[in-house]
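As a plain string of letters, each chain reads:
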Amino acid sequence: MTATTPALALDDITCRFAGRDSGAPYTAVANATLRVGEGEFVSVVGPTGCGKSTLLNVAAGLLAPSSGIVSVFGQRLMPGQGVNRRAGYMFQADALMPWRTGIENVVAGLDFRGVPRGEARQQGEAWLRRVGLAGFGDRYPHQMSGGMRKRLALAQTLIMRPDILLMDEPFSALDVQTRQLMENELLALWAEDRKSVLFITHDLEEAIALSDRVVVLSAGPGTRPIGDFRIDLPRPRDVSEIRMTPAFLTLHREIWSAMKEEVLKAYERQKAA
Amino acid sequence: MRLRALQILILGLLIALWYLLTKPGLIPNFYFEQDNRAAFFFGEPQKVFQVIVDWFVSGEIFGHLWITLLETALGFVIGSVFGLGVGLWLALSKTASAVMDPYIKGFNSMPRVVLAPIFAVWFGLGIWSKVALGVTLVFFVVFFNVYQGVREVSPTLIANARMLGASQRQLLRSIYLPSAMSWVFASLHNAVGLAFVGAVVGEYLGSAHGVGYLILQAEGTFDVNTVFAGILVLTVFALVLDGLVGVIEGRLMTWQPRASDTEKV
């Protein structure tokens, strides 16, 4: 843990949801504490349905925790005062506006901020080039492939130059090849200005290949971090090659042994339900 | 092109059949006892067309048509705007929608055409009683579609726009409205027809102008040909208005994927 103020700090977060049909309330996240340092790439892995997205929504200010404190660069994020202004969020599901063309989607955030049209367009074109979509700006999302839509979403988020990037399994819907390409592109973009990243995934290999630190969550309900592993693999990395290195495999074995029990627990619970 | 030809063929066949069955003495009677009875009850196509041509040549129809179209257009526009506004308001405010729920359901299940005589008393026999009837019919169709449309907006889309810094007003303009638009246009096609129903039924119940008034008068003198002529003219204009809505829809909804669209890259 660095001595400076972390970019994002979740302190003792608990999220309880009212039970369906007057059933018992469901505690998705219990007493979770998590820190992301400035310029640090942190991945959170955990079994399916363990409340990873809940944690991320809390960090984004989209969801108020039942108890606990969220701080952004030392400032407390008050519930009911809107979203986390310093964060960009990349969603798991498609979040592009289908009625806007590629370029209009990319500049949406600048529009909302009131940036003049011409200037926004210029920046938008530049970002389309950076994510490899130059010349596709006048296409609608439904005319693009899954990989192109993800790149568009990435440009849409990054154009706002957020200090913290929150990513919720952004590449889980892509095929393996496209996914590794996107992971490399993400690392290249991230290396340019090293923002803080909180990356949620269920894929341990993806987590290790991308991150500086991997946090393992326990099986739900009452999810909380149970392991914290520093990934000191050299950068820049190539995600498809680094998977073969002995150092990667050692880390994978170590983290998997911590995770395995939780995955099995989650599986048993789902079978029982 | 082929499609259009087939459509016109069906129209031609229907008119031919109509002519065949109603022309006195053309084919032996199989239902009516006298030759001219079929023509009396169902009119004759050539005479119906003659009436229509006379209307347009003499210019007699234009005043009536103008009134009916004006009533329709006003009913349509006012009803749609109200439907859109109230639909947005109730869809976005949980409390308001919970409070208004029984009233909306009540007004919707009421057979609103029975309001026509009351509107005639309130607004007189001029165009406004017809407009009012059209508004009550159009409002609910548009309202329910907008309400549904806004409710079905993807929560991810809203969350994404909020993270990108959209204010409430910007959310309304760039997420809720465009998202509800495809529902709105689906309802506008129905609404055009209902606005016509409002105008014509209103005229039918009491007026001094309009195509509904022409039909009412012709019916009073058992002039079936004129009744059919009025119905045909109304149908054609309803089709034209529906086409106009379609054109506007096509302009505004270019982003929607079409079934034949295969140019993915």
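Look up: the structure comes first, before these words.
The structure presented is a predicted model; accordingly, all values stated were derived computationally and were not measured.

1. Things to note about helix α10 (residues 211–220) of chain B
Residue and element names in this part refer to chain B.
- Regarding α10, the residues found buried are Val211, Gly212, Leu214 and Ile215. Axial view of α10: buried residues confined to an arc of 155 degrees, hence all on one face.
- Those residues of α10 that are buried lie in contact with α4 (60–92), α9 (168–205) and α11 (224–252).
- Looking at the residues trailing α10, positive phi occurs at Phe222, about 55 degrees.

2. Comments concerning the packing of α9 of chain B against α11 of chain B
All names here are of chain B.
- Here α9 crosses α11 at 160 degrees, and the two axes come no closer than 10 Å. In this view, α9 runs roughly antiparallel relative to α11, as classed from their interaxial angle. Between α9 and α11 the crossing geometry is right-handed. In this structure, α9 uses Met181, Phe185, Leu188, His189, Val192, Gly193, Phe196 and Val200 to contact α11, whose residues at the interface are Leu234, Ala238, Leu241, Asp242, Val245, Glu249 and Leu252.
- Residues of the contact of α9 with α11, tallied by class, amount to 11 nonpolar, 2 polar and 2 charged.

3. Focus on the interface of chain B and chain A
- Taken residue by residue, the interface counts 16 residues in chain B and 20 residues in chain A.
- Going through the elements one at a time, α8 (155–163) and α9 of chain B are the ones with two or more residues in the side of chain B that touches chain A.

4. Focus on the sheet that holds strand β4 (residues 67–72) of chain A
Residue and element names in this part refer to chain A.
- Taken together, the 4 strands give an open sheet; going across it, the order is β2-β1-β4-β5, and neighbouring strands pair in antiparallel fashion. Strands with a single pairing partner mark the edges of an open sheet, and in this sheet they are β2 (26–36) and β5 (75–76).
- Pairing analysis gives 5 bridges linking strand β1 (residues 8–17) to β4, with the strands arranged antiparallel. Looking across to β4, one finds that Leu8 is bridged to Val72.
- Along the sheet, helix α1 (residues 52–60) makes contact with β1, β2 and β4, crossing β1 at roughly 120 degrees.

Analysis parameters
Residues numbered from 1 in each chain as written. Chains lettered and ligands numbered in written order. Predicted model: local features only at pLDDT ≥ 70, side-chain atom pairs only at ≥ 80, totals over all residues. Buried ≥ 20, exposed ≤ 12 C-beta atoms within 10 Å, placed from the backbone. Helix = DSSP H or I, 4+ residues; strand = E, 2+ residues; numbered from the N terminus. Arc of directions from axis to C-beta. Contact = placed C-beta atoms within 7 Å. Axes fitted to C-alpha atoms, helices over the stretch in contact; angles between N-to-C directions. Parallel < 35°, antiparallel > 145°, perpendicular 65-115°, else oblique. Left-handed = near helix turned anticlockwise from the far one by under 90°. Nonpolar A, V, L, I, M, F, W, Y, C, P; charged D, E, K, R; others polar. Pairing = 2+ DSSP bridges.

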